[in-house]
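Chain residues, written in single-letter form:
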Amino acid sequence: MAVYSTSEFRSGLKVMLDGDPCSILENEFVKPGKGQAFNRVRMRNLKTGRVWERTFKSGDSLEGADVVDVTMQYLYNDGEHWHFMTPETFEQCQADAMIVGDAARWLREQDNCVVTLYNGAPLAVTPPNHVELEIAETDPGMRGDTATGGTKPAKLVTGAVVKVPLFLNVGDVVRVDTRTGEYLSRARE
Amino acid sequence: MTDWRPSAPRNALVRRARLLAGIRAFFAARAVLEIDVPVLGRAGVTDVHIDNLVVAGAPPGYLQSSPEYFLKRLLAVHPEPVYYLGKAFRAGERGRLHNPEFTLLEWYRPDWDDRQLMDEVEALLRNLGAAGRAPCPRLDYGTCFRDALGLDPHTAADNELREQAAAAADQPAVRWRDEPRAICLDLLFSLKVEPRLPEGVVFVSDYPACQAALARVVHTPDGVPVARRFEVFLNRVELANGYWELTDADEQRRRFAADGALRAALGKPVRPADERLLAALAAGLPDCAGVALGVDRLLMQLLGAGHIRDVLAFAEG
């Protein structure tokens, strides 16, 4: 793996720190006029999700992490593992609930998502920023009530619960932002 | 190609022009002579933490990291107040507050010491609208350090400083086992002391002897050696660095040699000392105080800009 110096630390660069793969979030150059230069680096530990802030002497280096993002298709859940496949190569991999995490609430079988591989094994699963999913359960819609801005909970086919406008019904398809879990619009499907 | 446009908005360029004119008017009124020294010199600096941009050739040229050596050579012949306002260059310095090419104001006052020069820096900053009417706080480095960290920067053991530095950096202590004292102080001051400084213009003086650079070292009544060096902060951003200048050629030669040894130990290229500066010191540099002020950072503060590129006509690279 390549070795990166502090001046090469860019947002998104994946490096190894204390044995864990990390993604660099921010890199601030700090230098007293006559003194040693430092880099204050904020990075996310990709295993734990925790954000670390470390200060390095400028010119220090870290080993790159073998972390790649691959677009894969979610195939099915066997009760314990989620299975994914790269459509072009038919290569498959599986991930447990720890790794899939919150993404499970947004994935339907056949949907594409980004699987982050670390040394070839799944490390994290990221759903598309926007998904369109059908409402499975909600209170009956209130006709004509499109202007008051009221909301009600709706359970989607994947199990996620989002707040939707009052006029929507079971069977309607909604567009949701998976990063915030917020309803965006009604989808025409 | 989309990055051909100027980096700074027009109002910043107008403010910069006014600021440069204001600085020149201030010094003209005080009969300080502007000297337009070269930016390309035959010698660089030995400073451990300042890297010259080198212009290829035989022999190579060095883009000056400050006009200091030229101005001191001038003072050795013409002992009168002088200033330089122009570009300076430092390789590898790039960030929110740094650009490899930047605008520096540097001036020297024969027969003055650092205390008198601090008064003039304060007058300049007030004149330029960066300081209010109230006197600016004068703080002591050791006191600031003790208040923030509970350690005396002059007398604490190297290991105590290393432990605190490693903790502040969130690094395993083993990685700081061999750090020189000065580097631990740099880190602790930057991360732990600077954020606690008050708003506005603040002077911090009497640095630890290991951070003397080109300042003379004196002993306090308690026998602690301190460097007669000061820094000026504006809203916790380092703005200027000044010295009661070292004039002893032999001591200067020793410090250059020590810089070279440390550069070699750190695996950095060792720069030859500027023999012309040493010859000028041997010929006789008048007692004087000098200070260098980052004009881009001053402009950033006057405009409330968050990044140096917002005040540079073109931030290349």
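This one's a predicted model, so the numbers in the text were calculated from it and none came from an experiment. Sequence positions are assigned chain by chain, starting from 1 and proceeding in written order. As a convention, the first chain written is A and the first ligand written is 1, with the rest following in written order. Local features in a predicted model are, by the rule used here, given only for residues with pLDDT of at least 70; side-chain atom pairs are given and counted only at 80 or more, and totals for whole chains, interfaces and linings are based on all residues. Water and hydrogen atoms were dropped before computing side-chain values, which therefore reflect all heavy atoms in the structure.

**What to know about helix α8 (residues 275-284) of chain B**
All names here are of chain B.
Right, so step 1: Considered for burial, the residues of α8 that qualify are L277, L278, A280 and L281. Buried residues of α8 fall within an arc of 160° about the axis and therefore sit on the same side. Residues A282 and A283 are exposed on α8 and point more than 90 degrees away from its buried face.
Right, so step 2: Only heavy atoms enter the contact rule, under which two residues are in contact if any of them lie within 4.5 Å. A run of DSSP states H or I qualifies as a helix once it reaches four residues; a run of E qualifies as a strand once it reaches two. Both are numbered from the N-terminal end. Tucked into the core, α8 has its buried residues touching α2 (68-75) and α7 (249-265).
Right, so step 3: For this analysis, a polar contact is any N or O atom pair within 3.5 Å, provided that within protein one partner can donate a hydrogen and the other can accept it, and provided that sequence-adjacent residues contribute only side-chain to side-chain pairs. Capping of α8 at its N-terminal end is provided by D274; its side-chain oxygen lies 3.0 Å from the backbone amide nitrogen of R276. Per-residue accessibility, obtained with a 1.4 Å probe over protein chains only, is compared with the maximum for each type, and a residue is labelled buried under 20%, exposed over 50%, and partly exposed between these values. What the arc describes is the spread of directions from the helix axis to the C-beta atoms.

**Comments concerning the packing of helix α5 (residues 158-169) of chain B against helix α6 (residues 181-193) of chain B**
Residues and elements named next belong to chain B.
Right, so step 1: For the pair α5 and α6, the least separation of the axes is 9 Å and the interaxial angle reads 45°. Between α5 and α6, the angle falls in the class oblique. Relative to α6, α5 is oriented so that their crossing is left-handed. Of the residues in α6, those touching α5 at D158, L161, R162, Q164, A165, A168 and A169 are R181, C184, L185, L187, L188, L191 and K192.
Right, so step 2: In this classification, the charged set is Asp, Glu, Lys and Arg, the nonpolar set is Ala, Val, Leu, Ile, Met, Phe, Trp, Tyr, Cys and Pro, and all remaining amino acids, among them Gly, are polar. Residue classes in the contact of α5 with α6 are distributed as 9 nonpolar, 1 polar and 4 charged. Only the contacting stretch of a helix is used when fitting its axis, a line to C-alpha atoms as for every element, and angles between N-to-C directions run 0 to 180 degrees. Oblique is the label for every angle not falling under 35 degrees (roughly parallel), over 145 degrees (roughly antiparallel), or within 65 to 115 degrees (roughly perpendicular). Handedness of each helix crossing follows the sense of rotation of the near helix against the far helix: counterclockwise by less than a right angle gives left-handed, clockwise gives right-handed.

**A few points about the pattern of salt bridges**
Right, so step 1: Salt bridges are defined by distance alone: a side-chain nitrogen of Lys or Arg within 4 Å of a carboxyl oxygen of Asp or Glu. Here the structure, examined in full by the defined rule, presents 38 salt bridges over all chains.
Right, so step 2: D60(A) is the salt-bridge partner of R175(B), the closest N and O atoms lying 3.5 Å from each other. Of this pair, R175(B) sits in the loop between α5 and α6 while D60(A) sits in the loop between β5 (51-57) and β6 (61-63), on two different chains.
Right, so step 3: Taking relative accessible area as the criterion, R175(B) reaches 38% and is therefore assigned partly exposed.
Right, so step 4: Residue R216(B) is joined to D287(B) by a salt bridge in which the shortest nitrogen-to-oxygen separation is 2.9 Å.

**Concerning the packing of aromatic side chains**
Residue and element names in this part refer to chain B.
Right, so step 1: Pairing of aromatic rings covers Phe, Tyr and the six-membered ring of Trp, with a centre-to-centre limit of 6.5 Å; geometry is then stacked below 30 degrees between planes, edge-to-face above 60, and tilted otherwise. Overall, the coordinates contain 13 aromatic pairs over all chains when judged by the stated rule.
Right, so step 2: With a centroid separation of 5.2 Å and an interplanar angle of 90°, the aromatic rings of F26 and F27 are classed as edge-to-face. Neither F26 nor F27 differs from the other in exposure class; each is buried.
Right, so step 3: On the basis of an interplanar angle of 50° and a centroid distance of 6.1 Å, the ring pair of Y69 and F256 is categorised as tilted. One end of the pair, Y69, is in helix α2; the other, F256, is in helix α7, with 187 residues separating them in the sequence. Neither Y69 nor F256 differs from the other in exposure class; each is buried.
Right, so step 4: Here a set of aromatic residues connected by ring pairs shows up, and it is made of Y141, F145, F189, Y207 and F233.
Right, so step 5: A ring is considered to have a charge above it if a Lys NZ or an Arg CZ atom is located within 6 Å of its centre and within 35 degrees of its normal. Across the ring face of F203, the terminal group of R138 is positioned such that the distance to the ring centre comes to 4.7 Å.

**Quick look at the nonpolar core**
Residue and element names in this part refer to chain B.
Right, so step 1: Nonpolar core, defined: a set of buried Ala, Val, Leu, Ile, Met, Phe, Trp, Tyr and Cys residues in which side-chain atoms within 4.5 Å join the residues together. Grouped together as the largest cluster of nonpolar side chains are 50 residues, with contacts concentrated most on F145, L161, W176, L187, F189 and V204.
Right, so step 2: The greatest single-element share of this core, amounting to 8 residues, is contributed by α6.
Right, so step 3: Once you skip the residues sitting within four places of it in the chain, L161 turns out to touch F145, L151, A156, R181, C184, L185 and L188.
Right, so step 4: Core analysis: the second largest hydrophobic core is formed by 36 residues, F27, L105, L125 and M300 among them.

**Considering the domain arrangement of chain A**
Residues and elements named next belong to chain A.
Right, so step 1: Domain annotation for chain A reports domain 1 (3-63), domain 2 (67-126) and domain 3 (130-186).
Right, so step 2: Here the C-alpha centre of domain 2 lies 28 Å away from the C-alpha centre of domain 1.
Right, so step 3: Accessible area that two parts lose when put together, evaluated with a 1.4 Å probe and summed over both, is termed the buried area. Of the roughly 430 Å² buried where domain 1 meets domain 2, counting both sides, 75% is carbon and sulfur surface.
Right, so step 4: When the buried area of domain 1 at its contact with domain 2 is split by residue, K14, P21 and L46 rank highest and sum to 69% of it.
Right, so step 5: Summed over the shared surface of domain 1 and domain 2, the result is 0 salt bridges.
Right, so step 6: Looking at the side of domain 1 that touches domain 2 residue by residue, the class counts come to 3 nonpolar, 1 polar and 2 charged. What counts as a domain boundary in this text is fixed by an automatic or database domain assignment.

**Notes on the interface of chain B and chain A**
Right, so step 1: Taken residue by residue, the interface counts 29 residues in chain B and 17 residues in chain A.
Right, so step 2: Roughly 2,000 Å² of surface becomes buried between chain B and chain A when both sides are summed, with 50% attributable to carbon and sulfur atoms.
Right, so step 3: Our count for the chain B to chain A interface comes out at 5 salt bridges.
Right, so step 4: If you look at where chain B meets chain A, you find 9 residue pairs in polar contact (both at pLDDT 80 or more).
Right, so step 5: Of all the elements in the fold, those that place two or more residues in the side of chain B that touches chain A are α5, α6 and β11 (237-244) of chain B.
Right, so step 6: Per element, the largest residue contribution to the side of chain B that touches chain A is 5 residues, and it comes from α6(B).
Right, so step 7: When the residues that make up the side of chain B that touches chain A are grouped by side-chain class, the tally is 10 nonpolar, 7 polar and 12 charged.

**Points about the pairing of strand β15 (residues 173-177) of chain A**
Residues and elements named next belong to chain A.
Right, so step 1: For β15, a buried count of 4 out of 5 residues is recorded, marking the element as mostly surrounded by other parts of the structure.
Right, so step 2: By the convention used here, strands pair only if DSSP detects at least 2 bridges between them. As judged from the 5 bridges shared by strand β12 (residues 130-138) and β15, these two strands associate in the antiparallel manner. Its bridge partner lying in β15, H130 is registered against D177.
Right, so step 3: Alignment of β15 against strand β16 (residues 182-186), held across 4 bridges, turns out to be antiparallel. When the sheet's bridge partners are listed, V176 is paired in β16 with Y183.
Right, so step 4: Here β15 hands over to β16 after 4 residues, with G181 in that stretch at a positive phi of 75°.

**Here we look at unusual backbone geometry**
Right, so step 1: Of note, the bond from A58(B) into P59(B) is cis; its omega dihedral lies within 30 degrees of zero at -5°.
Right, so step 2: Among the structural elements, P59(B) can be located in the loop between β3 (53-55) and β4 (61-63).
Right, so step 3: Look at D18(A): it is not a glycine, yet its phi comes out positive at around 50°.
Right, so step 4: The backbone of D206(B) shows a phi angle near 65°, a positive value even though the residue is not glycine.
Right, so step 5: Assignment of secondary structure puts D206(B) in strand β8 (residues 201-208).

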